[in-house]
Amino acid sequence: MSHTWADKPTSIRKGEELDREKLEHFLNLHLPDWAGSLVIEQFPGGFSNLTYLLTLGEKELVLRRPPFGAKIKSAHDMGREYRILHALSPSYSKAPQPYVYTEDSSIIGAPFYIMERVAGVILRPDMPSAMYPDAETMRSIAHGLIDTLVELHEVDYQAAGLGELGRPQGYVERQIRGWTKRYVNAKTDEIPDIEFAAAWLASHMPSDSSASLIHNDFKYDNLVLDMKDWTQVRAVLDWEMSTLGDPLMDLGSALAYWTNASELGFSDRLDTSPTTIPGNPTRAEVAELYAQKSGRDLGELVFYYVYGIVKLAVISQQIYYRYNKGFTQDARFAAMIDAVKGLGNLAKRVIEKNRIDNLF
């Protein structure tokens, strides 16, 4: 495949600029081997933590910082994300290597960390149609995504030194309670379908299936694909929400990003991942492939999928809250309330039909 489609940064969004002089001084102090004049650009994707490309002479680095005006501190803990990558990258090749972290907010206005730049292709929902892989390649990429999720769930987190990252016991109950509370805290509109789905989840909780390292935001645009062979995953990005917990909850979160091609025009959910490109398996096929590759029982799949939908709705609500309160001027955030309503409608539909596919 051509290098034409390698993921590239763009100019920095208004209001999200960094202090170049202070940042250059910090880099020269902590990474003295990489000298040169600093150039700062911003990667356009994502709705949460902000990601910048730093070019320092011949060296490319990536900077991660929380969004401006973030209300939920725990969801944007740069130190935690840095520690996860620091522990994981020596033994898990798809975790980028981090270099330095600081809590000093005087440099760019917030804590941040610097990591290696893994160059490659990232499939995003708004990518140009000329970038679409052919159907056979797309299907192989999808299998690579599922293989990577299974592989991640099999990581020996104790050996990696991540045994204290989370509390796997009682994970399901804490997640349902926690996301419901977050929704209440960020609520701006009356959306009965979300409250219905949250109540349903609270009354249908299965026991924790097992304990794994989980990513919690696993989708196409958090995977870096090899530029020469797009079916090969080079890196997994955005570890901000990763923890120890039930891997089937992670699967549910991944399925929430998966829209089937047959649903286009019927669902007003958030367009979050390029899963409708020909060659992609259906959501049910993704779940079946995961079950085959992992050996896990998916008898409670509807619960996990509804959880994923509700979680995505709450994240969308939190993003809209920031826009609604004037903490960000990013125009992409204005329509997030429509996504919350669409996701609420989808969750209710899944519950009523008791299946994850053939919903429309």
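This text goes with the structure placed above it.
Remember, predicted model here, so these are calculated numbers, not experimental data. Numbers given for residues are sequential positions, taken from 1 along each chain in its written order. Confidence filtering applies because this is a predicted model: local features only for residues at pLDDT of at least 70, side-chain atom pairs given and counted only at 80 or more, and all residues used for totals across whole chains, interfaces and linings. To obtain the side-chain values, all non-hydrogen atoms of the structure were used and water was disregarded.

S.K.: Please provide a residue-by-residue account of the sheet that holds strand β4 (residues 98–102), values included.
M.R.: Strands were regarded as paired on the criterion that DSSP finds at least two bridges between them. Each helix corresponds to a stretch of at least 4 residues labelled H or I by DSSP, and each strand to a stretch of at least 2 residues labelled E; elements are numbered beginning at the N terminus. The strand order across the open sheet formed by 5 strands is β1-β2-β3-β5-β4, and the pairing between neighbours is antiparallel. Each having just a single partner strand, β1 (38–42) and β4 make up the two edges of the open sheet. Mean inter-strand twist for the sheet, computed between neighbouring axes without regard to direction, equals 25°. Inspection of the sheet shows β4 paired to strand β5 (residues 112–116) by 4 bridges, in the antiparallel sense. Within β5, the position partnered with T102 by the bridge is F112. Whether two residues touch is decided by their heavy atoms; if any such pair falls within 4.5 Å, the residues are in contact. Lines fitted to the C-alpha atoms define the axes, with helices restricted to the stretch that makes contact. Angles between their N-to-C directions range from 0 to 180 degrees. Sheet strands touched by helix α1 (residues 20–30): β1, β2 (50–56), β3 (59–65), β4 and β5. Its angle to β1, the strand with the most contacts, is close to 115°. Packing against the sheet, helix α2 (residues 78–88) makes contact with β3, β4 and β5, and its axis sits at approximately 155° to β4.

S.K.: Could you give an account of α2, naming the residues involved and the relevant values?
M.R.: Three labels apply to residues, based on accessible area from a 1.4 Å probe with only protein chains included: buried if under 20% of the type maximum, exposed if over 50%, partly exposed otherwise in between. Of all 11 residues making up α2, 8 are buried, and the element is well covered by its neighbours. All buried positions along α2 are accounted for by M78, G79, R80, E81, Y82, I84, L85 and L88. Capping of α2 at its N-terminal end is provided by D77; its side-chain oxygen lies 3.1 Å from the backbone amide nitrogen of G79. Within 3.5 Å is the distance limit for a polar contact, defined as a pair of N or O atoms, with the added protein rule that one can donate a hydrogen and the other accept it, and that residues adjacent in sequence qualify only through two side-chain atoms.

S.K.: Please give an account of the packing of aromatic side chains that cites residues and values.
M.R.: Each Phe, Tyr or Trp ring (for Trp, its six-membered ring) is paired with any other whose centre lies within 6.5 Å, and the angle between the two planes then decides the class: stacked below 30 degrees, edge-to-face above 60, tilted in between. All told, the structure shown has 9 aromatic pairs when counted by the stated rule. Both rings, one in Y82 and one in Y101, keep their centres 5.9 Å apart while their planes meet at 25°; by these two values the pair is stacked. You can see Y82 sitting in helix α2 and its partner Y101 sitting in strand β4, a full 19 residues away along the chain. The exposure class of Y82 is buried, given its relative accessible area of 15%. Judged by its relative accessible area of 23%, Y101 is partly exposed. On the basis of an interplanar angle of 85° and a centroid distance of 6.3 Å, the ring pair of Y92 and W239 is categorised as edge-to-face. Here the residue Y92 occupies a position in the loop between α2 and β4, and W239 occupies one in the loop between β8 (233–236) and β9 (243–245), the gap between them amounting to 147 residues. A relative accessible area of 1% places W239 in the buried class. Through pairs of rings, three or more aromatic residues link up here, namely Y82, Y101 and Y113. Cation placement over rings: the criterion is NZ of Lys or CZ of Arg within 6 Å of the ring centroid and within 35° of the ring normal. The ring of F196 carries K348 above its face, with NZ or CZ at 5.7 Å from the centroid.

S.K.: Lay out the side chain of N280 in plain terms, naming residues and giving numbers.
M.R.: Following the sequence through the fold, N280 ends up in the loop between α6 (247–256) and α7 (283–294). Given a relative accessible area of 14%, N280 falls into the buried group. Of the polar contacts made by the side chain of N280, one reaches the backbone oxygen of P274; its length is 3.2 Å. There is a polar contact of 3.0 Å between the side chain of N280 and the backbone oxygen of I277. Once residues lying within four places of it in the same chain are set aside, the contact partners of N280 are M138, R139, A142, Y220, W258, P274 and T275.

S.K.: A description of the packing of helix α4 (residues 171–186) against helix α5 (residues 192–203) should follow, citing residues and the corresponding values.
M.R.: Relative orientation of the contacting elements α4 and α5 amounts to 160°, with a least axis distance of 10 Å. In this view, α4 runs roughly antiparallel relative to α5, as classed from their interaxial angle. When the axes of α4 and α5 are compared, the crossing they make is left-handed. In this structure, α4 uses I176, T180 and Y183 to contact α5, whose residues at the interface are I194, E195, A198, L201 and A202. A class-by-class count of the residues in the contact of α4 with α5 yields 6 nonpolar, 1 polar and 1 charged. For classification purposes, an angle smaller than 35 degrees is called roughly parallel, one larger than 145 roughly antiparallel, one from 65 to 115 roughly perpendicular, and anything else oblique. Helix crossings fall into two classes, left-handed where the near helix is turned counterclockwise from the far one by less than a right angle and right-handed where it is turned clockwise. All amino acids are sorted into three groups, where Ala, Val, Leu, Ile, Met, Phe, Trp, Tyr, Cys and Pro are nonpolar, Asp, Glu, Lys and Arg are charged, and the leftover types, Gly among them, are polar.

S.K.: With reference to specific residues and values, describe the pattern of salt bridges.
M.R.: When charged atoms on two side chains of opposite charge get close, those side chains can pair. Throughout this description, the term salt bridge denotes a Lys or Arg side-chain nitrogen within 4 Å of a carboxyl oxygen of Asp or Glu. Going through the model one piece at a time under the given rule, you end up with 16 salt bridges. One salt bridge connects E81 with R64, and the closest N-O pair in it is separated by 2.9 Å. Residue E81 is located in helix α2, and its partner R64 is located in strand β3; the two are separated by 17 residues in the primary sequence. Here E81 falls in the buried class, since its relative accessible area comes to 2%. Look at R64 and you get buried, because its relative accessible area is 1%. The salt bridge partner of D147 is K293, with a shortest N-O separation of 2.8 Å. Residue D147 is found in helix α3 (residues 135–153), and its partner K293 is found in helix α7; the two are separated by 146 residues along the sequence.

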